[in-house]
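So you can see what is in the structure, the chains are spelled out below.
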Amino acid sequence: MNGKVALVTGAGRRGGIGEAVARRLAQAGATVVIADLCAPPPADLPHPGIGQWEELNEIAAEIEALGSPAMPLQVDVTDAASIQRMVGKVVQQFGRIDILVNNAGAIFGPSPVMQMAEDAWRKTLEVNATGTFLVSKAVAPVMMQGGRGGRIVNLSSLAAVRPRPYMSAYAASKAAVAALTQSMAQEMAQFGVTVNAVLPGDIDTGMKQWGYQLEAQIMQRPYSEVVAAGIARIPAGRLGTPDDVASVVAFLASDAAEFLTGQLVNISGGRELA
Ligand code: NAD
């Protein structure tokens, strides 16, 4: 990936999938731009946490130490003006974007539909579905400049095809990401842009740990039991790691995946089969 410029959203949280993806792409030689919201988490709705500016900068410095340039940027993927500022800065600095990983994602207040706050539904859809749409819309024309083409990899979720109770907003938003991926793949193939999605199962990140904590609270069961029950559903017998996802994303973002587009790739240790 020498000479390629990659943009990874939602990469400012230590131990997250975005951080692992950014490292992988940098190790493959890409210049990496990592972006995150860098704002306080919402006070009114339960939420897994937000990547902060200091954390984002530390991650960028560590990636630079691997030998590839890394640029940290603030972005709100729900805000078209903020996205334009981010894309403008990347183009001004590096002149191109070859790889986009739409990794920013969120869950707000999971609960049964009958009790779910309207705001929780709207915000979840806004970050996951609308955010992926807005960033792709802004970045795709840059990829196409000079007939270069590029790679877009979207973070959907196994929840898109195997929705669980209390997670309706999240599952619906990730199903929207999957559908958006397959529409974009057909629109952009003629311009040399491939668009694929990965559907991770249970990946051990801050977001997942928060989910297990919440489940433990609701079910009034010890945290360790909830995690063990989660693992029991996975034929591979363990949770996924951010690196398990990063290696597949890096392949989809590589030249080797040129003829792969519109694909939805489960990364789940076989959970959907169990
Ligand atoms: P994470 O919380 O570490 O990463 C999500 C990141 O998105 C955070 O850094 C957060 O600050 C950022 N973000 C949230 N709202 C944003 C906004 N408006 N603008 C910019 N950035 C914003 O969690 P993760 O588990 O690493 O998740 C990464 C992606 O993978 C998400 O899209 C998530 O839905 C998806 N995913 C995770 C799992 C899992 O088991 N962990 C499973 C399936 C899919």
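Refer to the structure presented above.
Residues numbered from 1 in each chain as written. Predicted model: local features only at pLDDT ≥ 70, side-chain atom pairs only at ≥ 80, totals over all residues. Heavy atoms only, no water.

## Describing the pattern of salt bridges
The cut-off we apply is this: One side-chain nitrogen of Lys or Arg within 4 Å of one carboxyl oxygen of Asp or Glu is enough to make a salt bridge. Burial here depends on accessible area, computed with a 1.4 Å probe over protein chains only, as a share of the maximum for the residue type. Under 20% is buried, over 50% is exposed, and the range in between is partly exposed.
Within this structure, the stated rule accounts for 15 salt bridges. Among the salt bridges present, the one from Asp202 reaches Lys208, with a minimum N-O distance of 2.9 Å. Under the relative-accessibility criterion, Asp202 is labelled buried at 4%. According to the relative accessible area criterion, Lys208 is partly exposed, its value standing at 23%. Taking the shortest distance from any N to any O, the salt bridge between Arg221 and Glu225 comes out at 3.2 Å.

## A short note on helix H5 (residues 168-188)
In plain terms, the rule: Under the scheme used here, helices are H or I runs from DSSP no shorter than 4 residues and strands are E runs no shorter than 2 residues, and both carry numbers assigned from the N terminus. One less than the residue count of a helix, multiplied by 1.5 Å, gives the span that helix is expected to have. Throughout, a contact is declared for two residues whenever any of their heavy atoms are within 4.5 Å.
Across its 21 residues, H5 extends 30 Å between first and last C-alpha, which sits within 8% of the 30 Å expected from 1.5 Å per residue. Restricting attention to buried positions, one finds in H5 the residues Ala169, Tyr170, Ala171, Ser173, Lys174, Val177, Ala178, Leu180, Thr181, Met184, Ala185 and Met188. Packed against the buried residues of H5 are helix H4 (118-144), strand E5 (150-155), strand E6 (193-200), helix H6 (206-219) and strand E7 (264-267).

## A few points about empty space enclosed by the protein
The condition that has to hold: Points on a 1 Å grid, built from protein atoms alone, make a cavity when a 1.4 Å probe fits but cannot get out and make a pocket when they are open with protein on both sides within 12 Å along at least 5 of 7 lines; residues with an atom within 4 Å of a point are the lining residues. Grid points are joined across faces, edges and corners, and a volume is the space filled by probe spheres set on the points. Any residue outside Ala, Val, Leu, Ile, Met, Phe, Trp, Tyr, Cys, Pro, Asp, Glu, Lys and Arg is labelled polar, Gly included; the first ten of those are nonpolar and the last four are charged.
Within the structure shown, the criterion is met by one cavity of 30 Å³ or more. Of the voids in this model, the largest cavity is the one considered here, and its volume is about 30 Å³. In terms of lining, the largest cavity is formed by Ile107, Phe108, Pro110, Met116, Thr124, Tyr166, Met167, Ser168, Ala169 and Tyr170. Ranked by the residues each element gives to the lining of the largest cavity, the list is headed by H5, at three residues. Residues belonging to the lining of the largest cavity are distributed by class as follows: eight nonpolar, two polar and no charged.

## Describing the packing of aromatic side chains
Condition: Geometry of aromatic contacts follows a simple scheme: Phe, Tyr and Trp rings, the Trp one being its six-membered ring, pair when their centres are within 6.5 Å, and the pair is stacked under 30 degrees between planes, edge-to-face over 60, tilted otherwise. Placement of a positive charge over a ring is assigned whenever Lys NZ or Arg CZ falls within 6 Å of the ring centre and within 35 degrees of the normal to the ring plane.
Counting across every chain of the model gives zero aromatic pairs. The residue whose ring lies beneath Lys208 is Tyr212, and the NZ or CZ to ring-centre distance is 5.0 Å.

## Considerations on the site of the ligand
Threshold: Nearness is judged by heavy atoms alone; a residue qualifies as near a molecule or strand once a single heavy atom is within 4 Å of it. We define a polar contact as two N or O atoms separated by no more than 3.5 Å, with the added condition that, inside protein, one atom must be a possible hydrogen donor and the other a possible acceptor, whereas residues neighbouring each other in sequence contribute only through side-chain atom pairs. Here, Shrake-Rupley sampling with a 1.4 Å probe gives the accessible areas, and only protein chains in the shown set may cover a residue.
As a structural note, the neighbourhood of the ligand is formed by 27 residues, with Ile17, Asp36, Gly51, Tyr170 and Thr205 the closest of them. Between the ligand and Ile17, the relevant distance is 2.8 Å, taken from an oxygen atom to a main-chain nitrogen or oxygen of the residue. The separation between an oxygen atom of the ligand and a polar side-chain atom of Asp36 is 2.5 Å. A total of 810 Å² of accessible area belongs to the ligand in isolation, and the protein chains cover 97% of it. Counting only elements with at least two residues in the shell around the ligand, the list comes to H5 and H6.

## Quick notes on the nonpolar core
The line we're drawing: For this analysis, a nonpolar core means a set of buried residues of the types Ala, Val, Leu, Ile, Met, Phe, Trp, Tyr and Cys, connected via side-chain atoms within 4.5 Å.
Ranked by internal contacts, the top residues of the largest apolar core, which has 38 residues, are Leu7, Ile83, Met86, Val87 and Val139. Elements represented by at least two residues in this core include exactly strand E1 (5-9), strand E2 (31-36), strand E3 (70-74), helix H3 (80-94), H4, H5 and E6. For this core, the leading source of residues is H4, giving eleven residues. In terms of nonpolar packing, the next biggest core, distinct from the first, is built from 31 residues, Ala11, Leu25, Ile63 and Ile267 among them.

The quantities given are spatial measurements derived from coordinates; they are silent on function.
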